[in-house]
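# Secondary and tertiary structure notes
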Amino acid sequence: MKFKSIVFALVTLCVAFGGLPVTQGQTAVPAKSVGTLKTPETSRHFIKYVDSKSQVVSWRLKAGEVAMNQQTFYFVNPSMSNDGRYFWFYCMFTMTDSKSLAVIDFLTDEIYHFPKTRGCGFSAMVDYETGNVWYVNKSEGLLCQSPDPTQKARLVAGVPKNFPKGYLYQIACHLTWDPTHSKFFLDSRVDNKFFCGTLDIKTGKYTKWADMDFMFNHAQFNPVRGEPVFLCKEFYVDSVTKEKIRIPTGKDGVYERLWLLTSKDGFKRLTPYKNKYATHEWWSASGDNLYYCCGFGVARYNLDTEKQDIVFPGKTTHAHSSSDDKYFVCDRSEGPWYRGCAWSVHFYNTVSKKEIPIVTLIPAYNAKENESKIHPDPHPQFVGSDRYIAATVNIDGKTTVQLTPVKELIEKSK
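Residues numbered from 1 in each chain as written. Predicted model: local features only at pLDDT ≥ 70, side-chain atom pairs only at ≥ 80, totals over all residues. Heavy atoms only, no water.

Let us look at the environment of serine 239. If you trace the backbone, serine 239 turns up in the loop between strand E17 (236-237) and strand E18 (244-245). On a C-alpha basis, the gap between serine 239 and arginine 339 in space is 22 Å, while along the polypeptide they are 100 residues apart. In contact with serine 239, not counting residues within four places along its chain, are Tyr169, Arg189, Asp191 and Asn192. (Helix = DSSP H or I, 4+ residues; strand = E, 2+ residues; numbered from the N terminus. Contact = heavy atoms within 4.5 Å.)

Structure follows, in structure tokens:
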């Protein structure tokens with residue numbers, strides 16, 4: 001009993017002074033006191049970065065602060081809570097390590113790593129109100145992890161029992177939930193079987209919507225309307241022949257990337273802007289528009305009018321929009337594209353029609369003949385109620401996350 005009392009006293013003392021710092025695998029106690037939130041500008045974990053061309057100021061999580069490679073979430077799932085307290089990011093401790101999750105709590109200015117989240121892939125999604133993170137794991141199913149490091153991940157639902165038998169490639173590419181936050185949409189693959197449906201968070205019931213004869217990926221619930229759901233045809237490797245199957249072009253000459261799906265009417269194919277090319281899609285915050293990158297910049301498809309136009313001209317690879325649709329951010333491969341190539345990141349003001357480089361050049365992560373296995377693309381995204389833009393950058397062979405204040409970008413682009 002005396003030993004337990006001493007341990008409790010030490011933990012209480014640590015809590016009073018801001019919580020225990022985390023190393024891999026360590027359990028930490030979060031601070032209980034309420035204070036002023038730190039920010040990337042004031043946190044001890046970030047360093048200042050000024051772009052040499054635009055003089056835009058960003059703040060970078062110190063390289064190797066938690067892991068060899070630290071990355072933002074996939075761009076369609078912004079990784080900071082709305083109040084700016086919690087910022088989640090991926091960790092990979094080696095060049096072949098699978099992703100796990102870490103969070104910085106800007107109230108305590110501590111970082112907590114959750115090693116048991118390893119295997120989450122690019123599926124993670126933050127609940128912007130609570131700061132909880134949701135993810136799927138092929139061996140367990142759907143889980144929810146609190147940013148409180150004393151809490152274990154909660155298993156919400158196992159892998160659906162009515163999934164086909166065989167090798168499970170994917171439960172979901174990246175999670176999105178319906179406007180009531182009661183269901184997640186799953187785009188799944190077992191062997192060469194492709195199918196999609198919804199998973200009820202309360203009951204764990206899986207309801208299949210469709211079977212497909214091709215790989216569909218990047219499924220996204222409409223954030224306001226729920227339906228239609230967006231999905232895209234995606235290239236894949238045949239599980240039997242090992243042949244790489246590319247996105248087809250229909251007999252009518254339409255590149256068959258873009259699709260909408262409703263539970264009642266099924267699939268509807270969209271024709272890309274000027275019938276050319278489409279990639280890296282997302283819904284506007286209003287749910288009225290589907291955005292995607294194309295050969296002309298960022299295209300907009302309006303659900304009600306079915307009209308398309310260009311809202312951000314120029315070269316874009318991945319892109320994202322502010323909640324009011326006034327501002328956009330994109331990344332661009334610099335030189336020939338390959339996994340791990342050089343990049344730049346840019347901000348665009350649709351009111352002034354001005355573009356500002358956020359990072360003029362992110363050096364190549366590796367050579368073309370030795371392509372990266374960790375997907376080190378910048379994947380820029382608006383986060384924290386549009387207060388920051390998050391992106392992945394490369395510092396001397398280590399990827400880390402960067403946060404750029406949006407207010408300065410708006411001022412520079414007027």
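What follows deals with the packing of aromatic side chains. Throughout the structure, instances matching the rule amount to 29 aromatic pairs. Pairing tyrosine 74 with phenylalanine 75 gives two aromatic rings, centres 4.8 Å apart and planes at 50 degrees, and the pair type is tilted. Like phenylalanine 75, tyrosine 74 is buried. With a centroid separation of 5.5 Å and 20 degrees between ring planes, the pair formed by tryptophan 177 and phenylalanine 184 is classed as stacked. One exposure class covers both tryptophan 177 and phenylalanine 184, and it is buried. Within the aromatic cluster, the residues linked to one another by ring pairs are Phe73, Tyr74, Phe75, Tyr90, Phe122, Trp282, Tyr291, Phe312, Phe328 and Tyr348. Between arginine 60 and the ring centre of tyrosine 49, over which it is positioned, the NZ or CZ distance is 3.6 Å. (Phe/Tyr/Trp six-rings, centres within 6.5 Å; stacked < 30°, edge-to-face > 60°. Buried < 20%, exposed > 50% of the residue type's maximum accessible area, 1.4 Å probe, protein only. Lys NZ or Arg CZ within 6 Å of the ring centre and 35° of its normal.)

A word on the pattern of salt bridges. Taken as a whole and judged by the stated rule, the model has 17 salt bridges. A salt bridge links arginine 257 to glutamate 281, with the shortest nitrogen-to-oxygen separation between them at 2.6 Å. Here glutamate 281 lies in strand E21 (residues 279-283) and arginine 257 lies in the loop between E18 and strand E19 (258-262), a separation of 24 residues in the sequence. Arginine 257 gets classed as buried once you look at its relative accessible area, which sits at 3%. Each of Lys233, Asp252, Glu256 and Arg269 takes part in salt bridges that share partners, so that together they form one network. (Salt bridge = Lys/Arg side-chain N within 4 Å of Asp/Glu carboxyl O.)

A few words now on the sheet that holds E19. The strand order across the open sheet formed by 4 strands is E15-E16-E19-E20, and the pairing between neighbours is antiparallel. Looking along the sheet, the strands with just one partner apiece sit at the ends: strand E15 (216-222) and strand E20 (266-269). Going from strand to strand, the sheet's axes swing by 25 degrees on average, the running direction of each strand aside. With 4 bridges connecting them, E19 and E20 associate as antiparallel partners. Directly across from threonine 262, in E20, lies its bridge partner glycine 266. (Pairing = 2+ DSSP bridges. Axes fitted to C-alpha atoms, helices over the stretch in contact; angles between N-to-C directions.)

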